[in-house]
Amino acid sequence: MISIVIPIFNEESIIIRSLEKLSLEIEASLKLNEDLELEVVVCDSKSSDRSYQLALDFAKKKENFRVIQYDDEIRSIGRTVTFGVENASFDNIFILPIDCYINSRGILELIKLTRSHYDYGGFGKIYVNQGPLMRLYAKIQNLIRTKMLSNYVWTNGIVFNK
């Protein structure tokens, strides 16, 4: 039903923690909605660090995670995302930056979004590496997005139907 595409490049320092958090939220979502079908496609852009191997090792333990590698001399986030989308199993796509976070409620909202009249949308961003100023900024940003603009959904991630 939905493919979560995560582009990565040299993310060794945060990849395991980010994927573990996402995995826990997916498990919580599945408990709330057993019919939920989703996959996570981690798309590496030929990282020069251990990001790709760490992601592969993680995905081996999770049935709905898989890792692919964009193997081209010209590397860019756009091409990496496009490669991830092209290799996604489902038509509904959520592009999630590796340094962002989505909780189980957000995942279920994604499903609602794909069933609604919206062509695209998003969610409030939660930063993985937060300092005090960034936490304050994220709280204000998310408050505005979720309370004041309740008819809309916003994010740094992108949701669409391919």
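None of the values given here were measured: they were computed from a predicted structure.

Colleague: Could you clarify how one ought to interpret the nonpolar core in this entry?
Modeller: Counting residues in each nonpolar core, the largest one holds 27 residues, and the members touching the most others are Ile6, Leu19, Leu22, Val40, Phe65 and Leu96. Elements represented by at least two residues in this core include exactly β1 (2-8), α1 (15-32), β2 (38-44), α2 (51-59), β3 (65-69) and α4 (104-115). When sequence neighbours within four positions are dropped, the list of residues in contact with valine 40 reads Ile4, Ile6, Leu22, Ile26, Asn64, Phe65 and Arg66. Grouped together as the second largest cluster of nonpolar side chains are 10 residues, Val41, Tyr70, Ala88 and Ile93 included.

Colleague: Whenever I open this one, the pattern of salt bridges confuses me. Can you help?
Modeller: In a structure, side chains of opposite charge can pair up when their charged atoms sit close to one another. Using the criterion set out here, one finds 6 salt bridges in the structure. One salt bridge connects glutamate 39 with arginine 66, and the closest N-O pair in it is separated by 3.0 Å. Taken together, the residues glutamate 39 in strand β2 and arginine 66 in strand β3 connect sequence positions 27 residues apart. Residues lysine 60 and aspartate 57 are paired through a salt bridge, measuring 4.0 Å at the closest nitrogen-oxygen approach. By relative accessible area, which is 68% here, lysine 60 ends up exposed. The class for aspartate 57 is partly exposed, based on a relative accessible area of 34%.

What counts and what doesn't
Residues numbered from 1 in each chain as written. Predicted model: local features only at pLDDT ≥ 70, side-chain atom pairs only at ≥ 80, totals over all residues. Heavy atoms only, no water. Core = buried A, V, L, I, M, F, W, Y, C linked by side-chain atoms within 4.5 Å. Buried < 20%, exposed > 50% of the residue type's maximum accessible area, 1.4 Å probe, protein only. Helix = DSSP H or I, 4+ residues; strand = E, 2+ residues; numbered from the N terminus. Contact = heavy atoms within 4.5 Å. Salt bridge = Lys/Arg side-chain N within 4 Å of Asp/Glu carboxyl O.

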